[in-house]
Amino acid sequence: MPSYIVLVSPSVGGAEKRFFDILTGLRRNQVDVSLIAPSSLIDRLKADHPERADVLEALVPVPLPHWSPVRFLVGLFGRLRTLPKGSTFHYPVNCLWPLHLGRGDRISMSMVDCTRVPSPRGGTRASVWTWLALHVVRRVDVLSPVMLRAMQGYRSAPKMTLTPGGTYLVPPTVPMAPKSPIVVFLGRLVPGKGVDDLLDVLPALWALLRETRP
């Protein structure tokens, strides 16, 4: 059955970048996997990565002129109705497991939050939602070794594995022409803010760094 990565996110961030890289690596190794995401995110990925024309056909947009969690839920539900039942779905963030009830799909999820252990008494809706999802999904990919150790007493612990290597990045393309470094400093030149002091010490700081770096 086909496999899908589902990104519940309107814009490109760390997790979105990482899983787009994962999708790229899998597709280039002849793995049949696609990525479902809001059309705004799909458009951004296509614009930012024209060099990945070989994988852009695997991007499946959920039409969404403006980001709205409710409208995305409705759009994703409609998209799921067009996909084969019993497929595999991986949610890097915000696992929407209720949409798959009665379909027989295989659901897995990632835990990229490295600050909060999910719990029914976690104090936030996200913590409670993630804790519920742990009982429904088949596999859980945990980014943080600390978080993985903290959940070893959970019933769902046997489902959990640490992200291999911590992350995955597609090797960057070599630029066609060398770039000149550009530094922009933004601040207010107001007495007492310390900006003038910073500018005074920068030459000495740079000289020290050049002497000490290997």
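Anything mentioned here points back to the structure above.
Just so we're clear, the structure is a prediction, and the values are computed from it rather than from any experiment. (Residues numbered from 1 in each chain as written. Predicted model: local features only at pLDDT ≥ 70, side-chain atom pairs only at ≥ 80, totals over all residues. Heavy atoms only, no water.)

Student: Account for the layout of surface pockets, with residues named and values stated.
Tutor: Rolled over the atoms, a probe as big as a water molecule pinpoints where empty space is left. By volume, the largest pocket is sized at about 530 Å³. Lining the largest pocket are 25 residues, and of these Asn94, Cys95, Ala126, Trp129 and Thr130 sit closest to its centre. Listed by contribution, the elements that provide at least two residues to the lining of the largest pocket are helix H4 (69–80), strand E4 (88–93), strand E5 (106–111) and helix H5 (125–134). With 6 residues, H5 is the single largest residue contributor to the lining of the largest pocket. Across the lining of the largest pocket, the residue classes tally to 18 nonpolar, 4 polar and 3 charged. In this structure, the second largest pocket occupies an estimated 440 Å³ of space. Lining the second largest pocket we find 23 residues, and of these Phe19, Ile22, His90, Ser108 and Asp141 sit closest to its centre. Elements that contribute at least two residues to the lining of the second largest pocket include exactly strand E1 (3–7), helix H1 (14–28), E4, E5, strand E6 (139–142) and strand E7 (160–162). Here the lining of the second largest pocket takes 4 residues from H1, the largest share from any one element. Across the lining of the second largest pocket, the residue classes break down as 12 nonpolar, 8 polar and 3 charged. (1 Å grid on protein atoms, 1.4 Å probe; cavity = no way out; pocket = protein on both sides within 12 Å on 5 of 7 lines; lining within 4 Å. Points joined across faces, edges and corners; volume = space filled by probe spheres on them. Helix = DSSP H or I, 4+ residues; strand = E, 2+ residues; numbered from the N terminus. Nonpolar A, V, L, I, M, F, W, Y, C, P; charged D, E, K, R; others polar.)

Student: Run through H5, naming residues and quoting values.
Tutor: Those residues of H5 lying buried are Ser127, Ala133 and Leu134. The buried residues of H5 occupy an angular sector of 125 degrees when projected down its axis, which confines them to one face. Buried residues in H5 make contact with E5, E6 and E7. (Buried < 20%, exposed > 50% of the residue type's maximum accessible area, 1.4 Å probe, protein only. Arc of directions from axis to C-beta. Contact = heavy atoms within 4.5 Å.)

Student: Go over the pairing of E5, please, and point to the residues and values.
Tutor: Across the 6 residues that make up E5, a large majority, 5, are buried. Here 4 bridges tie E4 to E5, and the two strands are oriented parallel to one another. Within E5, the position partnered with Tyr91 by the bridge is Met109. (Pairing = 2+ DSSP bridges.)

Student: So what's going on with the pattern of salt bridges? Residues and values would help.
Tutor: On inspection of all chains with the given rule, the structure shows 9 salt bridges. Between Asp48 and Arg44 there is a salt bridge, with the nearest N and O atoms lying 2.9 Å from each other. Of this pair, Asp48 and Arg44 both sit in helix H2 (residues 39–48), 4 residues apart, which is roughly one turn of that helix. One salt bridge connects Arg52 with Glu51, and the closest N-O pair in it is separated by 3.7 Å. Residues joined by salt bridges that share partners form a network here, namely Lys17, Asp21, Glu51 and Arg52. (Salt bridge = Lys/Arg side-chain N within 4 Å of Asp/Glu carboxyl O.)

Student: Please set out the sheet that holds E5 residue by residue, giving values where relevant.
Tutor: On the basis of which strands lie adjacent, the open sheet formed by 7 strands has the order E3-E2-E1-E4-E5-E6-E7 and parallel pairing. Either end of the sheet is taken by a strand with one partner, and the two such strands are strand E3 (59–62) and E7. Here the average twist between neighbouring strands, direction ignored, is 25 degrees. Sheet analysis places E6 next to E7, joined by 3 bridges and oriented parallel. By the bridge assignment for E7, Asp141 is matched with Thr161. Across the sheet, H2 is in contact with E1, strand E2 (33–38) and E3; its angle to E2 comes to roughly 120 degrees. Contacts from H4 reach E1, E2, E3 and E4 within the one sheet, and its direction differs from that of E3 by about 130 degrees. (Axes fitted to C-alpha atoms, helices over the stretch in contact; angles between N-to-C directions.)

Read these as geometric descriptors, not functional statements.
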